[in-house]
Amino acid sequence: MRVPLLDLPKQYQTIKEEVEPGLLGLLEKQQCVLGEPVKSLEDNMARYCQCNYAIGVSSGTDALLCSLMALDIGSTMNPSQMNSGVQDEVIVPTFTFFATAGSVVRTGARPVFVDIDKDTFNIDIDKIEAAITEHTKAILPVHLYGQMAPMKEIMVIARKNNLKVIEDACQAIGARQNNNGPGHLSDTACLSFYPTKNLSAFGDAGMILCQDEHIAQKCHQLRVHGGLDRYHHQNIGANFRLDAIQALVVDIKLKYLDIWQKRRLSHAHRYDELLCSDVKIPRITQGNRCVYHQYVIRAPQRDTLKSYLEEKGISTAIFYPLPLHVQECFAYLGGKRGDCPVAEQLCQEVLALPVVPELTQEQIDYVAGCINDFYGHK
Ligand SMILES: Cc1ncc(COP(=O)(O)O)c(C=O)c1O
């Protein structure tokens, strides 16, 4: 049996009848960037995420970059910092997609890497305060695989130390924690609609969620090179504009997101039920509703298991094989092996199993059965 990690062509068949006339309409009108389709998506997204403001941008990466800039972090927003030798610092987990830290560097600030919790794989709340210095400006937690990092505790630390909080919610649209979603407690939350995500565009797209009018206005301004009136720039922004085509596709798919999330959840629960105890299944902490962007197990002999599953027609992936503090491009920050032992260990063990809504329960059962066979349970 073939079990893919992603099956976008199958998903497309279910929305094709709505997407195609919509796209043709845009082509006829030659509506290219921003405009009504983006506004419609922003309104629907703000409603869906229960946030006051949603600002469509070009990608999740740009949502992070634009958020950091809107909160005045880094030398791009404070050019005098460039010559001072002093850099703003932003605390990020070391176990995440590159963009979390890459966007910090692109503002001229310095990422400070913190280890993760061994059960949830999210930032280790007990290690944040030790990483705070007089230069720390923000905490950037990541809601990895669809489970929110402990926001209440993060906000307490942030308030105590006068820090901004930007949530990397690129993998966590629709997630909840004690009834709060991304963007409810923090300064901003960033979403990605990259094609692999739970809600995806037909290319790159992203969104900033926030509650504060001033921050929303600044994001709007930075999205168009820092000037809302043409050719008059109050800030140094960039081109973070969202395409109309992407907005239209995401807007249509948004209507189906809850149905798709339910299917992910049901697949995840099925794995929880079936998988043998040789593998560690994800731990979802109390009060959290995980949206299972990925279903990631900790597996002994991970690489051999991966090859075995491949032979059985099952695609899997490793998110992530190397933590950020030891990435070559961050060598200048002085990180070394042993600094974040939990993340370093997890990189050897994690394996993402197929969990997309387009899969059938038969396929999930087959994956679980093959894993159990591998460990000698018939
Ligand atoms: C945790 C995380 N942060 C940031 C990003 C960047 O999003 P994008 O690919 O839309 O730029 C992604 C997705 O790729 C992600 O998974």
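Residues numbered from 1 in each chain as written. Predicted model: local features only at pLDDT ≥ 70, side-chain atom pairs only at ≥ 80, totals over all residues. Heavy atoms only, no water.

Draft legend 1. Main features of the packing of aromatic side chains. Taken as a whole, this structure holds 11 aromatic pairs when the rule is applied. Relative to Phe-330, the ring of Phe-98 has its centre 5.5 Å away and its plane inclined at 15°; by these criteria the two rings are stacked. Separated by 232 residues along the polypeptide, Phe-98 in the loop between β2 (89–93) and α4 (99–106) and Phe-330 in the loop between α9 (302–311) and α10 (341–349) bring together distant segments of the chain. For the ring pair Phe-374 and Tyr-375, a centre distance of 4.9 Å and an interplane angle of 90° mean the geometry is edge-to-face. For the pair formed by Phe-374 and Tyr-375, the shared burial category is buried. In this structure an aromatic cluster arises from ring pairing among Phe-95, Phe-121, Tyr-145, Phe-319 and Tyr-320. (Phe/Tyr/Trp six-rings, centres within 6.5 Å; stacked < 30°, edge-to-face > 60°. Helix = DSSP H or I, 4+ residues; strand = E, 2+ residues; numbered from the N terminus. Buried < 20%, exposed > 50% of the residue type's maximum accessible area, 1.4 Å probe, protein only.)

Draft legend 2. Seen up close, the environment of Asp-272. Tracing the sequence through the fold places Asp-272 in helix α8 (residues 257–274). Classification of Asp-272 as partly exposed rests on a relative accessible area of 26%. The spacing of Asp-272 and Ile-297 is 25 residues in sequence and 10.0 Å in space, taken between C-alpha atoms.

Draft legend 3. The site of the ligand, seen in detail. As a matter of local geometry, the ligand sits amid 15 residues, with Gly-60, Thr-61, Asp-168, Ser-192 and Lys-197 nearest to it. Here an oxygen atom of the ligand sits 2.8 Å away from a polar atom, N or O, in the main chain of Gly-60. At 2.9 Å, a side-chain N or O of Gln-171 approaches an oxygen atom of the ligand. Here the ligand, which alone exposes 390 Å², has 94% of that area covered by the protein. Every element with two or more residues in the shell around the ligand is listed here: α3 (60–70) and α4. Counting residues per element, the shell around the ligand draws most heavily on α3, at three residues. Considering only residue class, the shell around the ligand consists of six nonpolar, seven polar and two charged. (Near = heavy atom within 4 Å. Polar contact = N/O pair within 3.5 Å; in protein donor to acceptor, adjacent residues only side chain to side chain. Areas by Shrake-Rupley, 256 points an atom, 1.4 Å probe, with all protein chains shown as cover. Nonpolar A, V, L, I, M, F, W, Y, C, P; charged D, E, K, R; others polar.)

Draft legend 4. How the structure looks around the domain arrangement of the chain. If you check the domain split of the chain, you get domain 1 (8–254) and domain 2 (257–374). Once you take the C-alpha centre of each, domain 1 and domain 2 turn out to be 24 Å apart. Between domain 1 and domain 2, the residue contacts involve 44 residues of the former and 36 residues of the latter. At the boundary of domain 1 with domain 2, total buried surface from both sides reaches about 3,600 Å², with 59% on carbon and sulfur atoms. Scanning the region where domain 1 abuts domain 2 turns up one salt bridge. Inspection of the region where domain 1 meets domain 2 yields 26 residue pairs in polar contact (both at pLDDT 80 or more). (Domains from an automatic or database assignment. Contact = heavy atoms within 4.5 Å. Buried area = accessible area lost by both parts, 1.4 Å probe. Salt bridge = Lys/Arg side-chain N within 4 Å of Asp/Glu carboxyl O.)

Draft legend 5. Expanded view of the nonpolar core. Of all hydrophobic cores here, the largest spans 43 residues; its most connected members are Met-45, Ile-91, Leu-191, Phe-193 and Leu-209. For this core, the secondary-structure elements that each account for two or more residues are α2 (35–49), β3 (110–114), α5 (151–160), β7 (188–192), β8 (206–210) and α7 (244–254). Non-local contacts of Ile-91, meaning those with residues more than four positions away in its chain, are made with Val-112, Val-114, Ile-123, Ile-128, Ala-131, Ile-132, Thr-136, Ala-138, Ile-139 and Leu-140. (Core = buried A, V, L, I, M, F, W, Y, C linked by side-chain atoms within 4.5 Å.)

Draft legend 6. Representation of the packing of α8 against helix α11 (residues 361–374) within the structure. Following both chains from N to C, one finds α8 and α11 inclined at 30°, their axes separated by 10 Å at the closest point. Viewed along their axes, α8 and α11 adopt a mutual orientation that is roughly parallel. Like other packed secondary-structure pairs, α8 and α11 cross with a definite hand, here right-handed. Of the residues in α11, those in contact with His-267, Arg-270, Tyr-271 and Leu-274 of α8 are Gln-361, Ile-364, Asp-365, Val-367, Ala-368 and Asn-372. (Axes fitted to C-alpha atoms, helices over the stretch in contact; angles between N-to-C directions. Parallel < 35°, antiparallel > 145°, perpendicular 65-115°, else oblique. Left-handed = near helix turned anticlockwise from the far one by under 90°.)

Draft legend 7. Up close: the sheet that holds strand β1 (residues 53–57). Taken together, the seven strands give an open sheet; going across it, the order is β1-β8-β7-β5-β4-β2-β3, and neighbouring strands pair in mixed fashion. The outermost strands of the open sheet, each flanked by one partner alone, are β1 and β3. Neighbour-to-neighbour, the strand axes of this sheet turn through a mean angle of 25°, independent of strand direction. Pairing of β2 with strand β4 (residues 136–139) involves three bridges; the strand directions are parallel. Residue pairing for β4: Val-90 is matched across the bridge by Ala-138. Packing of α2 onto the sheet brings it into contact with β1, β7 and β8, and relative to β1 it is tilted by some 130°. (Pairing = 2+ DSSP bridges.)

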